[in-house]
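Chain residues, written in single-letter form:
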Amino acid sequence: MKTSLASTSRLFMRLFLRHAWRTTQQKWTTSFAGGGLLLATFAMPSFGIAVFGTAFAGWGIAVVLFSAFSALVGNRIGVGREKAVLEKAHADQPPARR
């Protein structure tokens, strides 16, 4: 049986959109995690690849930690944005009568 790579990639894209790109908070968290991963991968010195052992392990840990930190920052921004939208929607409603 031959696997269709096009249909598999469409499936993974739908699953990604369903689980990581639905709300504002998820969008900010996911984009900051990806951006942090790219920035850490390019900004970290490449000595970890040349010297195996603790240098390589330290390089990988630094990339993972920086990505996790940037995801937390993105999450906080997303939470703030969602809260602002909810507060604005609540302020636009007329006051409830008793």
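Structure's up top.
The structure presented is a predicted model; accordingly, all values stated were derived computationally and were not measured.

Caption draft 1: Quick peek at the overall build of the protein. Within the protein, the secondary structure is distributed over four helices and zero strands. Within the structure as shown, the protein displays about 8000 Å² of accessible surface, and the carbon and sulfur contribution to it stands at 69%.

Caption draft 2: The packing of aromatic side chains, seen in detail. This model, assessed by the stated rule, comprises two aromatic pairs. Measuring from ring centre to ring centre gives 5.7 Å for Trp28 and Phe32, while their planes differ by 35°; the resulting arrangement is tilted. Taken as a pair, Trp28 and Phe32 lie in helix α2 (residues 24–43) at a separation of four residues, close to a single helical turn. For Trp28, a relative accessible area of 24% translates into the label partly exposed.

Caption draft 3: Structural view of a positive patch on the surface. A grouping of Arg10, Arg14, Arg18 and Arg22 is seen on the molecular surface, where their side chains present a positively charged patch. For Arg10, the location among the structural elements is in helix α1 (residues 5–20).

Caption draft 4: Highlighting the packing of α1 against α2. At a minimum axis distance of 9 Å, the contact between α1 and α2 shows a crossing angle of 120°. Where α1 abuts α2, its residues Phe16, His19 and Ala20 lie against Gln26, Lys27 and Thr30. Along the lines of polarity and charge, the residues of the contact of α1 with α2 split into two nonpolar, three polar and one charged.

Caption draft 5: Region of interest: the side chain of Ser67. As for its placement among the helices and strands, Ser67 is situated in helix α4 (residues 54–92). Within polar-contact distance, the side chain of Ser67 engages the backbone nitrogen of Leu37 at 3.4 Å. Look past the residues within four positions of Ser67 in its chain and what remains in contact with it is Ala33, Gly36 and Leu37.

Caption draft 6: Geometry of the side chain of Ser70. When you line up the elements, Ser70 lands in helix α4. Since its relative accessible area comes to 9%, Ser70 is described here as buried. A distance of 2.9 Å separates a polar atom in the side chain of Ser70 from the backbone oxygen of Ser67. Contacts of Ser70, omitting those with residues within four sequence positions, involve Phe32, Ala33 and Gly36.

About the criteria used
Residues numbered from 1 in each chain as written. Predicted model: local features only at pLDDT ≥ 70, side-chain atom pairs only at ≥ 80, totals over all residues. Heavy atoms only, no water. Helix = DSSP H or I, 4+ residues; strand = E, 2+ residues; numbered from the N terminus. Areas by Shrake-Rupley, 256 points an atom, 1.4 Å probe, with all protein chains shown as cover. Phe/Tyr/Trp six-rings, centres within 6.5 Å; stacked < 30°, edge-to-face > 60°. Buried < 20%, exposed > 50% of the residue type's maximum accessible area, 1.4 Å probe, protein only. Patch = residues over 30% accessible without salt bridge, like charges linked within 9 Å, V, L, I, M, F, W, Y side chains within 5 Å. Salt bridge = Lys/Arg side-chain N within 4 Å of Asp/Glu carboxyl O. Lys, Arg positive; Asp, Glu negative; His and termini not counted. Charge placed at Lys NZ, Arg CZ, Asp CG, Glu CD. Axes fitted to C-alpha atoms, helices over the stretch in contact; angles between N-to-C directions. Contact = heavy atoms within 4.5 Å. Nonpolar A, V, L, I, M, F, W, Y, C, P; charged D, E, K, R; others polar. Polar contact = N/O pair within 3.5 Å; in protein donor to acceptor, adjacent residues only side chain to side chain.

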